[in-house]
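Coordinate inspection notes
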Amino acid sequence: MQNTTKQKEELINVRELFEKYLSYWRWFAVSLVVCLALGALYYLSTPMTFSFKAQVLVVDPNNEMSQMSVLNELSSMGGITSGIAKSTTNNEELVIRSGMIVERVVDKLKLHTTYRYRPRLRMTELYTETPYTVEADSALLHTIGREIYFTIDRTDKGYRIKGGEVDKLKRKTKFEVMAPSLPYTVKLKRGTMTISATDQTALADERVWVKIFNPENVTKTLSRYNFNTLISKTSDDIVITCTAGHEVLGKDMLNALINEYNLDAVNQLKQSAAFTSVFIDDRLTLLDDELSTVESELEKYKQRNELTDVTKDAEVFLETNSEYYNRLIETEIQLQLMKDIESYVRREENRYKMIPDIGLTDKGLIQVLSGYNQLVLYRSELLETSNESNPALQRLNAQLASSRESILAAMANSRRALQTTRKELQLQNDIIKAKLLSLPQKEREYIDIQRQQQVKAGLYVFLLQKREEASLNMAIATNKARLLNRPDLQGVVKPRLMLVGLVAGLLGLLLPALFLFVRDLLQTTIVNRLDVEKLTQLPILTELARNGDFEHAFDHTDTENTNAELFRLLRAKVQFVMEHPREKVILVTSTQPGEGKSFVSVNLAMNLSIMDKKVLLVGLDLRKPTVAKHLKLTQKEGISSYLSGSERDIHKLMCAIPGYPNLSVLPAGIIPPNANELLMKDRLDILFTELREEFDFIVLDTAPVGAVSDTYLVDRIADISLYVCRSEYSDRRNISFINRLAEEGTLKRVHIIINDVDFESKKNAYYKKYGYSYGYGYGNTPKGKV
């Protein structure tokens, strides 16, 4: 049951809110039109940004080329795998968006310089249609703080170039020159820029806005925000997207990015192969001499000892232990390679050269060498556009030095492991030698020389194989990224017409709603019956309309007066809640002055009197009497004189009101210095006992209960209390105050009257919807105050 009641209350609150806001429909209509107009202005003035997409398949060149089957064969013969490791798709995705690749795209397409013109409201980017080109020298280009901006206008006297430069601290330095003709060189503090005309003359008479940015900043922006990649979960393809302000520029950016990525991969492969080939040639020259020496020694040994063949027993034994023998040869080869590479690394002249990978089997060492070679390549590219004093190059040099130390440490670890392996294999050889002691000494010496010759020959063949592999890599290197879908325009990223329209429409509806909500939230006074009902459980008898005529007492026989009808309603409800004729005395009060208690007292008494009932209106607000003033009475004395004892006949103090024969008025009279003490006297109780016998209704206009305590004393002679609060005047806290008085029983049977309600106001749209303004048949009262 409680849930049902709560749901109904929430439904009523939503309905009230909707009806209240609906009464302000003109506000919403104007706001909607204005926001849609601003949205249209935003759409028409915002530069267009387009989205582009391309798809590539990342392949390993070593596995894609059929020619590499030759190397695979050689590798199987030598027991060595290919020296180029397959990169994963995730790593290649990072390379595609790397600053090094994007920087080349920026330089190639000159993305650091933008050209725009304004045909109408929207600033439109120029690319192939630009009538001018600007070339900034390297000194200027790489020292730009934030941007260089200027406009180019063609005039009768030449070309006006006007703009400025913004540094990193956003300080502006302006310049303006007049170029008689183009090309023209503009000299700035840190360099020069040359402005030339193109063969695109269609927009030559238009003003062109030019901006030049630091290429490093453009590279960072493009890499972070403009270029994006998405890796497929099921294959090795990568979707590359980018945004640009021109329909052709975006496609060129994607094409350039893919081309530069492929070019970088091919160059890296060729450089690695070239370094490897040079290193192998050097080693082959040395090995050729060593192998010739060993073979000559073997030949002389045979001649000297007249040996033609080894014994069959040694043959059988060596074949049985061939596995150990072959492994020992491979270990010796690896140790020799390790020694050669370590010697190469330690040479000072090779500190900024690539370290060749010529068949090492230690995967960890191969990975360290690959990372070092990447740094060497990056240093070579950086050195092409800067000098040794570049901080980035110095940091890279330090990183290379650290990497060399890591390589030497890794090689030392690998060498120790190989030496351990060699010792184990030599132990097996010692066993073999022990068994060979039974063989002739000459044969043993022959085997030792033959083993040395085979080690040298195996290393020589292995290096020949690697040289052929490096040559093939240089000859048949192909692109790493295969284009699956060409760069294509996907659509407009911003401004989006539907999104702008939707946001503008929502703002148009939300802004007035937000304003009304905040206004109601900051409203500290009550407005209508609904506000009071939320704050109290006390019964509300009626609401009285705003008295636009400023008349404190009006004609209650007028059928076209809204308040006259509302007082008839109040009269009926008062009679309903009172047990007449036993109960006759009606106390009217409020929390503070100005809420309309005297207005209600006077007019309620007048409305009661037109029922042929004898009514007495008593002014018991002795401190600030207003009844006599409202009714324009000239008599100065009143009930204060009777209570003080200066007048004993109460009827002499009563006044008649023209047009209301059944109404008598007993004004407050002269303001006494001891109003509280007068109201405490028994004369007041005796007087009202007599008046109850004489009158049908007695209306008491008392003092505000929030100001003085007089009304609490008068409450003893009253039967019912009418508490008056005023719309848009009485504070909400006043309702809490009267709630406390009712709970404490300070006032009898409290009923609330809401005065001065503006039924024509949009704040009271709920009542207008249900005709609660009583305009029909009674006329509409203009706005005003009590």
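Heads up: the structure comes first, above all this text.
Here we summarise the structure given alongside this text. (Residues numbered from 1 in each chain as written. Predicted model: local features only at pLDDT ≥ 70, side-chain atom pairs only at ≥ 80, totals over all residues. Heavy atoms only, no water.)

1. Considerations on the overall build of the protein
Assigned secondary structure in the protein consists of 25 helices and 21 strands. Residues classed as buried in the protein amount to 46% of the 786 residues present. Partitioning the contacts of the protein with sequence separation of at least 6, the portion at a separation of at least 24 is 77%. A total accessible area of about 41600 Å² is found for the protein, and carbon and sulfur atoms account for 53% of it. (Helix = DSSP H or I, 4+ residues; strand = E, 2+ residues; numbered from the N terminus. Buried < 20%, exposed > 50% of the residue type's maximum accessible area, 1.4 Å probe, protein only. Contact = heavy atoms within 4.5 Å. Areas by Shrake-Rupley, 256 points an atom, 1.4 Å probe, with all protein chains shown as cover.)

2. Points about the pairing of strand 6 (residues 158-166)
Where burial is concerned, most of strand 6 is hidden: seven out of the nine residues are buried. Counted between consecutive antiparallel strands, the loop separating strand 5 (residues 147-155) from strand 6 contains two residues. Pairing of strand 6 with strand 7 (residues 172-179), which is carried by eight bridges, proceeds in the antiparallel orientation. Each bridged residue has a counterpart across the sheet, and for Gly-163 the counterpart in strand 7 is Phe-175. As consecutive antiparallel partners, strand 6 and strand 7 are separated by five residues, and within that stretch Lys-170 has a phi angle of approximately 65°, a positive value. (Pairing = 2+ DSSP bridges.)

3. Re the sheet that holds strand 17 (residues 655-657)
Here we have eight strands laid out as an open sheet, ordered 14-21-20-15-19-16-18-17, and mixed in their pairing. Only two strands of the sheet have a single neighbouring strand rather than two, namely strand 14 (540-545) and strand 17. Adjacent strand axes in the sheet meet at a mean angle of 25°, parallel and antiparallel pairs treated alike. On top of the sheet, helix 17 (residues 562-577) reaches strand 14, strand 15 (585-590), strand 19 (697-701), strand 20 (720-726) and strand 21 (750-757); it is set at about 165° to strand 14, its chief contact. (Axes fitted to C-alpha atoms, helices over the stretch in contact; angles between N-to-C directions.)

4. As for the packing of aromatic side chains
Tallying each qualifying case throughout the model produces four aromatic pairs. On the basis of an interplanar angle of 45° and a centroid distance of 5.7 Å, the ring pair of Trp-27 and Phe-515 is categorised as tilted. Of this pair, Trp-27 sits in helix 2 (residues 25-45) while Phe-515 sits in helix 15 (residues 497-521), placing them 488 residues apart in sequence. You can call Trp-27 partly exposed: its relative accessible area is 36%. Residues Tyr-132 and Tyr-159 carry aromatic rings whose centres are separated by 5.9 Å and whose planes lie at 85° to one another, so their mutual orientation is edge-to-face. Here the residue Tyr-132 occupies a position in strand 4 (residues 132-136), and Tyr-159 occupies one in strand 6, the gap between them amounting to 27 residues. Overall, the relative accessible area of 2% leaves Tyr-132 in the buried class. Relative accessible area serves as the criterion here: at 14%, Tyr-159 is assigned to the buried category. Arg-118 extends its terminal NZ or CZ atom over the ring of Trp-209, reaching a point 5.5 Å from the ring centre. In this structure, Lys-614 is placed above the aromatic ring of Phe-695, and the distance from its NZ or CZ to the ring centre is 5.2 Å. (Phe/Tyr/Trp six-rings, centres within 6.5 Å; stacked < 30°, edge-to-face > 60°. Lys NZ or Arg CZ within 6 Å of the ring centre and 35° of its normal.)

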